Every structure is written in structure tokens, then in C-alpha cells.
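Here is how the chains run, residue by residue.
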Amino acid sequence: MSATTWTRSTSLPTLTMWVDDEGAIANNPVENAFAALLIYRYAIPNQPYFGNAVFTGGTDEEGETLGLTKDQILELIDHVLKIHAIAEQSDL
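Residues numbered from 1 in each chain as written. Predicted model: local features only at pLDDT ≥ 70, side-chain atom pairs only at ≥ 80, totals over all residues. Heavy atoms only, no water.

## Considering the overall build of the protein chain
For the protein chain, the helix and strand inventory stands at two helices and three strands. By residue count, 26% of the 92 residues in the protein chain fall in the buried class. Here the contacts in the protein chain between residues at least 6 apart in sequence split such that 53% fall between residues at least 24 apart. (Helix = DSSP H or I, 4+ residues; strand = E, 2+ residues; numbered from the N terminus. Buried < 20%, exposed > 50% of the residue type's maximum accessible area, 1.4 Å probe, protein only. Contact = heavy atoms within 4.5 Å.)

Written as C-alpha cells, this is what we have:
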């Protein structure tokens, strides 16, 4: 069993997106446009993203990763649903 190594990809004061280190070098890498659309809500993506993406809160004064607040979770879910609705409409 192989372990996944996560790299901090985009870090904002209150939100961090982590991506799979090996996502771009997988046998069949597929760009994670969905992750790019999610982070675009908060910042302009500075690179293509591959593999899985995980969102956490920002960091504390010591640089430790924080969890998401309830409001952040609800905001991310809302944004996911909006992206999904737009994608479904474009398939019509």
C-alpha cells in the first residue's frame, strides 16, 4: 500500500488547499479543474491541479494547520453545488 504525500498548493489566511504530490505524474494524470474552480472563488489559481485536493483552514500563529469552521464548510459545499449545477446545465 502506498501513502499519499500532500503538498500545500494554495494558502490563504483562512483557507488552504492541499493537492496530491503524485497527481501530475500518475499513469494517466487528469487535471482537477473542479479544484481550480473551487479555489478560484478565493484566489486566482497559479497552476494546474492534478489528483485529489483537500481543503483545511488557515494556520495559527505557530504555522499549525487549522480545521475548517462550520461557515467555511457550508460555503465550500454551496460553491460545489453551484459548480455542479452549472456543469449539468452545460450538458443539456
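## A short note on the pattern of salt bridges
Counted by the stated rule, this structure contains two salt bridges. Where Arg41 meets Glu75, a salt bridge forms, and the shortest distance between an N and an O atom there is 3.7 Å. Here Glu75 lies in helix α2 (residues 70-90) and Arg41 lies in the loop between α1 (33-40) and β3 (53-57), a separation of 34 residues in the sequence. Owing to a relative accessible area of 45%, Arg41 belongs among the partly exposed residues under this scheme. We note a salt bridge from Lys82 to Asp78, for which the minimum N-O separation is 3.1 Å. One end of the pair, Lys82, and the other, Asp78, are both in helix α2, four residues apart, so they sit about a helical turn from each other. Taking relative accessible area as the criterion, Lys82 reaches 47% and is therefore assigned partly exposed. (Salt bridge = Lys/Arg side-chain N within 4 Å of Asp/Glu carboxyl O.)

## Remarks on the nonpolar core
Core analysis: the biggest nonpolar cluster contains 11 residues, these being Leu15, Met17, Val19, Ala35, Ala36, Leu38, Ile39, Tyr49, Phe55, Leu76 and Ile83. Put simply, the parts of the chain that give this core at least two residues each are β2 (15-20), α1 and α2. If one sorts the elements of this core by residue count, α1 sits on top with four residues. Once you skip the residues sitting within four places of it in the chain, Leu76 turns out to touch Leu15, Leu38, Tyr42, Phe55 and Leu68. (Core = buried A, V, L, I, M, F, W, Y, C linked by side-chain atoms within 4.5 Å.)

## Description of α1
For α1, the full list of buried residues reads Ala35, Ala36, Leu38 and Ile39. The buried residues of α1 occupy one face: seen down the axis, they fall within an arc of 160°. (Arc of directions from axis to C-beta.)

## Overview of the side chain of Gln72
In this structure, Gln72 sits in helix α2. Within the structure, the side chain of Gln72 is placed 2.4 Å from the backbone oxygen of Thr14, a separation counted as a polar contact. When neighbours within four sequence positions are excluded, Gln72 is seen to be in contact with Thr14, Leu15, Gly57 and Gly67. (Polar contact = N/O pair within 3.5 Å; in protein donor to acceptor, adjacent residues only side chain to side chain.)

## Concerning α2
In a regular helix each residue adds 1.5 Å, so 21 residues correspond to 30 Å; α2 covers 31 Å between its end C-alpha atoms and thus fits that length. When we look at burial in α2, the residues that qualify are Gln72, Leu76, His79 and Ile83. Buried residues of α2, seen end-on, are gathered within an arc of 65° and therefore sit on one face of the element. Facing away from the buried side of α2 by over 90 degrees, the exposed positions are Lys70, Asp71, Leu81 and Gln89. Buried residues belonging to α2 abut β2, α1 and β3. (Expected span 1.5 Å × (residues − 1).)

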